[in-house]
Every structure is written in structure tokens, then in C-alpha cells.
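# Residue-level structure breakdown
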Amino acid sequence: MSGPHGDEHRELREMLGSYALGHLSPAERDRVRAHLDGDPECRAELAEIAPLAARLAGVDADALDATPTPPPDLGARIMARIAEEEQRRVVPLRRAGVRRRALAAAAVAGVAAAGGVVGWAVRPVPDPPPLEPVAVEAVAPGVEARADLVPHTWGVEVKLTGTGFERGEVYRVAVTDDSGNEVPAGEFLGVGATELRCNLNSSVLRDDAVAFEVVDADGDVVVRSDF
Ligand SMILES: [Zn+2]
């Protein structure tokens, strides 16, 4: 790209990010607008970055003050990199597309820099663990309980919810494996009528687990579940 239009196009294109964010002086704004009128390519580019700018506009300005500002030559470095990349390309037909994507990326980087946004990657939210509801029998009077199992690589977790466990009394939970071994899964204190939510972890894998029991301080079974 060369000639007076090419230079202007290149210069104004780099200003599109700031334009979208409303960071230009009135004179610069007029220049960009005049250029946009005559250049569908820049209009398309602006349409691509405008939604991003709208989101950045909602960012707390006080928070932005603390973020590092980009180096002043960032734009120039990106353009130099693009030119380098172009020269490496051997298939001329692909040039336009590559250049276009690279320029869009540069414009977006410019918007990000102008907005002071440093982190782009959105951390994927892990799926919640699968819960397996199991039938729970409350043996002791006054106790109500339900439970879900969570299979982990290290063993099965029992998510126990219930009421009526005597306040201050220590209850022990054990998971039974398919050989009949009762493997400790932890203890909890009763909280009376308040709902208790307790996660109990055992080293028995879900596939090997066949039951769990809650016993009170006397060793009497209060709650049991066969699954
Ligand atoms: Zn242009």
C-alpha cells in the first residue's frame, strides 16, 4: 500500500481504537470521520471494534488508573511485525486476508491499550462436579438427612445435608467398600435443628463404594445409605 491515500489510511486506521473510545481531540475526530466517509474498509474495521469499545467504556476509570500504560511505540512495532510477516508470505492471494486479520488484531490491541485492559484470556469456568443423589435412611428419631455422592479420582465425597443431629455431639462417617471394609470419611459436630451441610471425603473410589453410615458418639448408627 502506497501513495497519499495509503499513508492516510494507515495513520487513521491506527486511530480507530481511540476513536471508538472517544479519546481523540475534536480535530482528530473530524479527520477520522472524513476518512471513514470515503473508506468502507475502515468503516468495516470500526464496526468490528466498536462493540469492544462499548464494553471497555463500562470499565471503572479509577481501576484503569492503576493499570500500566502500553509503550508508546506499540502501534509501530505491530505494524513492523505485520510488514515482516507479509514479506514472508509466498502465496500472494492470501496476503489480503492475512493483512486484514493482522490489522484487525492491531486495532483491537490498540483499543485494549487505550482502555488499559491488560488481561484478555477468559478463564474457562470448570463444570460443576456431577452429583449423584443417594437414598438416605434416618435411623435415629428426629434426624432428617439427604446426601449426594461426588466421584473423585482420589475417592468418593459424601455431601450430607440434614437436621436433628444433637448439638455438640461428635458424629463419625464411614464409607463401606465392596469388600465390607468401613473406611473413615470424617467427623462433624451436630448443630441441632439448624441445617447442617457437610462434605465428607473417603479414599474409597465411587465404583468400590456401596454404602455410608453416620454413627453417634456411642457408636450407634444414626443415618445410613446403601447405594
Ligand atoms: Zn482507511
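Use the structure listed above.
Residues numbered from 1 in each chain as written. Predicted model: local features only at pLDDT ≥ 70, side-chain atom pairs only at ≥ 80, totals over all residues. Heavy atoms only, no water.

So, on to the overall build of the protein. Within the protein one finds seven helices and nine strands. Buried residues in the protein amount to 33% of all 227 residues. Taking the contacts inside the protein whose residues are at least 6 apart along the sequence as the reference set, 56% of them involve residues at least 24 apart. When the accessible area of the protein is evaluated, it comes to approximately 13,700 Å², of which 54% is carbon and sulfur surface. (Helix = DSSP H or I, 4+ residues; strand = E, 2+ residues; numbered from the N terminus. Buried < 20%, exposed > 50% of the residue type's maximum accessible area, 1.4 Å probe, protein only. Contact = heavy atoms within 4.5 Å. Areas by Shrake-Rupley, 256 points an atom, 1.4 Å probe, with all protein chains shown as cover.)

Attention shifts here to the coordination of the zinc ion. Within the protein, H9 (ND1), H35 (NE2), D39 (OD) and C42 (SG) serve as the donor atoms for the zinc ion, at 1.9 to 2.2 Å. Around the zinc ion sit four donor atoms, and with donor-metal-donor angles ranging over 89 to 129 degrees the site reads as tetrahedral. Taken in sequence order, the residues that donate to the zinc ion follow the motif H-x25-H-x3-D-x2-C. Here H9, found in helix α1 (residues 3-14), pairs with H35, found in helix α3 (residues 26-38); they are 26 residues apart in sequence, far enough to count as distant. For the residue pair H9 and H35, the accessibility class agrees, reading buried in each case. (Donors = N, O, S within 2.8 Å, 3.2 Å for Na, K, Ca; no water. Tetrahedral: all angles 85-135°; square planar, octahedral: opposite > 155°, others 65-115°.)

For the rest of this paragraph, the subject is the side chain of E169. Topologically, E169 is positioned in the loop between β4 (155-163) and β5 (170-177). Despite its burial, E169 remains without a salt bridge, the nearest opposite charge being carried by R172 at 9.2 Å. From its side chain, E169 meets the backbone nitrogen of A217 in a polar contact 3.2 Å long. Look past the residues within four positions of E169 in its chain and what remains in contact with it is F188, L189, G190, D216 and A217. (Lys, Arg positive; Asp, Glu negative; His and termini not counted. Salt bridge = Lys/Arg side-chain N within 4 Å of Asp/Glu carboxyl O. Polar contact = N/O pair within 3.5 Å; in protein donor to acceptor, adjacent residues only side chain to side chain.)

Our focus in this paragraph is the side chain of E157. For E157, the position within the fold is in strand β4. The class of E157 is buried, set by a relative accessible area of 9%. A distance of 3.5 Å separates polar atoms of two side chains, one belonging to E157 and the other to K159. With residues near it in sequence (within four places) discarded, E157 still touches D148, L149, V150, H152, N199, L200 and N201.

By size, the foremost hydrophobic cluster in this structure holds 23 residues, and its most contacted members are L160, F165, V175, F188, L200, F212 and V214. Once residues lying within four places of it in the same chain are set aside, the contact partners of F212 are V134, V136, A147, V158, L160, V173, A174, V175, V223, R224, S225 and F227. In terms of nonpolar packing, the next biggest core, distinct from the first, is built from ten residues, L12, M15, L46 and I49 among them. (Core = buried A, V, L, I, M, F, W, Y, C linked by side-chain atoms within 4.5 Å.)

This brings us to the pattern of salt bridges. Considering all chains together, one arrives at eight salt bridges under this definition. Across the salt bridge formed by R13 and E41, the nearest N and O atoms sit 3.1 Å from each other. In this pair, R13 is assigned in helix α1 and E41 in helix α4 (residues 40-57), connecting sequence segments 28 residues apart. The exposure class assigned to R13 is buried, which follows from its relative accessible area of 5%. When its relative accessible area of 38% is taken as the criterion, E41 is described as partly exposed. A salt bridge links D226 to R224; its shortest N-O distance comes to 2.9 Å. Judged by relative accessible area, D226 falls into the partly exposed class, the value being 49%. The exposure class of R224 is partly exposed, given its relative accessible area of 23%.

What follows is about the packing of aromatic side chains. Considering all chains together, one arrives at four aromatic pairs under this definition. When the ring of F165 is compared with that of F188, the centres are 5.2 Å apart and the planes differ by 90 degrees; the resulting orientation is edge-to-face. Residue F165 is located in the loop between β4 and β5, and its partner F188 is located in strand β6 (residues 182-189); the two are separated by 23 residues in the primary sequence. For the residue pair F165 and F188, the accessibility class agrees, reading buried in each case. A ring pair is formed by Y171 and F188, whose centres lie 5.4 Å apart and whose planes are at 15 degrees; its orientation type is stacked. Note that Y171 is positioned in strand β5 and F188 in strand β6, a separation of 17 residues in sequence. Classification of Y171 by relative accessible area gives buried; the value is 4%. Judged by relative accessible area, which is 7%, F188 ranks as buried. Clustering of aromatic rings is evident, with ring pairs tying together F165, Y171 and F188. (Phe/Tyr/Trp six-rings, centres within 6.5 Å; stacked < 30°, edge-to-face > 60°.)

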